[in-house]
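# Observations on the three-dimensional arrangement
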Amino acid sequence: MGNRSKDLLQVEHSHPSSSRESSLLVGKNDSKPLQQKSYLQGNPITVPFPKSEVLGKVKDFIGVISEANRNLRLYAKDKPEEYDIEVLTGNESEYIKMDLMLGIADLHTPESLAAAEAAIAGCQSVINRNSTSSSLEFEGSSEEEEDEEEDDGGEDDDTRQSGSHVRHKDSELQQDDFLSALLRSHQKKKPSKIIELSVQSGSDCSIRSMAMATLRREGKRLSPLISPRPIEALRSALVPYQEEAHGLRYISTQAVRNRMKSVKSIQKITKAMKMVAASKLRQVQSKAENSRGIWQPFTALLGDIPSVDVKKTVLVTISSDKGLCGGINSTSVKISRAIHKLNSGPDKEAKYVILGEKAKVQLVRDSKKHIELSITELQKNPLNYTQVSVLADDILKNVQFDALRIVFNKFNSVVSFVPTMATILSPEIVEREAEAGGKLGALDSYEIEGGETKSEILQNLAEFQFSCVLFNAVLENACSEQGARMSAMDSSSRNAGEMLDRLTLTYNRTRQASITTELIEIISGASALEG
Amino acid sequence: MLRRGCSFLVRSCERGVAVGARSFSADAPAVAAVDSTFVEAWKKIIPNLDPPKTLLSYMRPRPPTPSSIPSKLTVNLALPYSSVISSKEVDMVIIPATTGQMGVLPGHVATIAELKPGILSVHEGNDLTKYFVSGGFAFIHSNSHTDIVTIEAIPIDRIDSALVQKGLAEFTQKLNSASTDLEKAEAQIGVDVHSALNSALTS
């Protein structure tokens, strides 16, 4: 192949006029070297790269390192103890860490320890060698694993070899030095856990020693797994391992953790929404309470008789535009449907005028032909009387009615919303009822002041009454919407919190189970090898 | 149409007016005044749901007509934004009805009066409170309760006369230059309100 590229170069120089492709084409009249290696046919043109300095550096380095290797071999033969990297003098300033990510690391709570102990109670005889020293190795590597867990990959190291060195020396002092050196340099993210470890070093070391012994042995088995991305490799190795081992179903801890993260973010969002709803409620509530005086005079004069028999009823259903506000919109729609049913008959009919997106969506499904008018985005600007009076004007112009029934949720308190229906009769019906006597009978006794006739006055009165009552109804419904949203978001935050608790328990259980499983594997492996 | 006109002239009023603090209205406690016919009809057809409440159930019932004329008049002045006066015992009220200023004393005959923009004065002993009201309605009941419902009621001392003059001039000019009926009507309403304001200030 070198031949070929050189030839290509020559071809370029010697035939500057001919096209490059023709020189490369096989089977053409050109030189034999092109036909030598058939598998290289059709290769694209390779242009030689300019010589990089890295290449020069590498060449130099190769010379240097071969020199150093030769020297090392010579001197190590003479003075082995100086070049033994397994002998720690305790004065090391730098070292390389190895992150095995075996999941053994988390065995630092007494409970998990006890569980592991119980699991391997049978293998006690095998374990009792190299007790104290090996515990340190374990702690060392576990500390590293603890910290490395978030990092993207540990560096390869001979921790186990240094650990085995520690095994040779029996003095506690050396071990403490090693441990303290590790402690100092690590700058732990989780200092409390490290302390726990050191405290426990005195306690039962049997399991850990056994674990480390097996780990050393198994290190050879595991080393191919210690790739630049140990986390994924090991985890994927571990997960099916666990599932096959016992025939039980283990959710991977990663999946549980993901779910916990999403549940926590949902909880935050719903808490924020509750705060927003609370502040909006404060604003609207004062308005709504102030507006309660305006419909009372009309009701005092005319009463409120929902059972009036009328031919044409127009149902004004008030709902919200946005969702996540609990069940108030469904309640309003249910009541509207019921009133519609009540007021429909052979000679009676009822029509809808819908305010708000949510009721429209629900009513369009089954009562589409009864809907006269639907208005949305009422609360784009803060509610005021002018807007509502224009709206009332629109409605009055476009629908014929004998009675107008406004269905809304009255705001009693932050947790109580009462579905309410307000009735407004058209002037003709009012007159009819007044003549008939009954509740409106007293109306006749009222004199009409002014030059206008009674019917005109009653017309104006009905319109004014409608706009005032509608204003109050819209405000009350807005209050109810915010209150309902507050309580809905509150209960969903609470549910999210409970779910988070449950998930945390599952996560811990899964984690401990995986630790136990791994331990059992190692122990049974060790005992198999021993036995 | 009436309301639209009212709201229109309210907007023009407010240019010269500083609106004061609104008083909170007390909500009447719920009294069970239920319409039994309705409830029965409801229960027959829709047995599962509770019938909706009516507005009557949220109102304190009014006292019946006393046999003798009471000494004081109970007045309620309600706005969409607040109840300026609620259940206040006064001696006399003068309301700006369409036919002119009308005085209301205890024992007045039951009346429904439509109001035009003008001054409402409340006389309580030696106190006299004047409000400029945009149009509305006044109900005088036989039990010496008076309900006045308007869109805006502003104490006179909050009205700026300079702005009133300016507004009057502006609307007169608009009236003269108006082409369509709608514009004419709007300009006319503006002129009416401002002249009423003017006379309110001068009187």
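Refer to the structure printed above.
Described in the following lines is the structure provided in the data block. (Residues numbered from 1 in each chain as written. Chains lettered and ligands numbered in written order. Predicted model: local features only at pLDDT ≥ 70, side-chain atom pairs only at ≥ 80, totals over all residues. Heavy atoms only, no water.)

So, about the nonpolar core. Counting residues in hydrophobic clusters, the biggest one holds 68 residues, and the most contacted among them are A:Leu355, A:Ile406, A:Leu443, A:Phe466 and A:Leu470. The element contributing the most residues to this core is helix α19 (residues 454–530) of chain A, with 15 residues. Look past the residues within four positions of A:Leu443 in its chain and what remains in contact with it is A:Leu301, A:Leu302, A:Val430, A:Ala434, A:Lys454, A:Leu458 and B:Ile112. Formed by 21 residues, the second largest nonpolar core is a distinct cluster that contains B:Val75, B:Ile95, B:Leu120 and B:Val122. (Core = buried A, V, L, I, M, F, W, Y, C linked by side-chain atoms within 4.5 Å. Buried < 20%, exposed > 50% of the residue type's maximum accessible area, 1.4 Å probe, protein only. Helix = DSSP H or I, 4+ residues; strand = E, 2+ residues; numbered from the N terminus. Contact = heavy atoms within 4.5 Å.)

Judged by side-chain polarity, A:Leu72, A:Leu74, A:Tyr75 and A:Tyr83 come together as a nonpolar surface patch covering roughly 390 Å² of accessible area. By the secondary structure assignment, A:Leu74 is in helix α4 (residues 53–78). (Patch = residues over 30% accessible without salt bridge, like charges linked within 9 Å, V, L, I, M, F, W, Y side chains within 5 Å. Areas by Shrake-Rupley, 256 points an atom, 1.4 Å probe, with all protein chains shown as cover. Salt bridge = Lys/Arg side-chain N within 4 Å of Asp/Glu carboxyl O.)

This part is about helix α13 (residues 253–290) of chain A. In a regular helix each residue adds 1.5 Å, so 38 residues correspond to 56 Å; α13(A) covers 56 Å between its end C-alpha atoms and thus fits that length. Turning to α13(A), its buried residues number three or more, namely A:Thr253, A:Val256, A:Met260, A:Val263, A:Gln267, A:Thr270, A:Ala277, A:Ala278, A:Leu281, A:Val284, A:Ala288 and A:Asn290. The inward-facing, buried residues of α13(A) contact β4 (403–413) and α19 of chain A together with β3 (83–90) of chain B. (Expected span 1.5 Å × (residues − 1).)

Residue-level contacts link 60 residues of chain A with 52 residues of chain B. Carbon and sulfur atoms make up 67% of the surface buried where chain A meets chain B, a total of about 5,000 Å² over both sides. Viewed at the interface, chain B and chain A are joined by zero salt bridges. Between the two partners, chain A and chain B, sit 10 residue pairs in polar contact (both at pLDDT 80 or more). Those elements that provide at least two residues to the side of chain A that touches chain B are α13, α14 (296–302), α15 (328–342), α17 (385–398), β4, β5 (416–425), β6 (447–449) and α19 of chain A. Bridge count between β6(A) and strand β6 (residues 111–115) of chain B: three bridges; the pairing is parallel. Within the sheet, the bridge partner assigned to A:Glu449 lies in β6(B) and is B:Ala113. (Buried area = accessible area lost by both parts, 1.4 Å probe. Polar contact = N/O pair within 3.5 Å; in protein donor to acceptor, adjacent residues only side chain to side chain. Pairing = 2+ DSSP bridges.)

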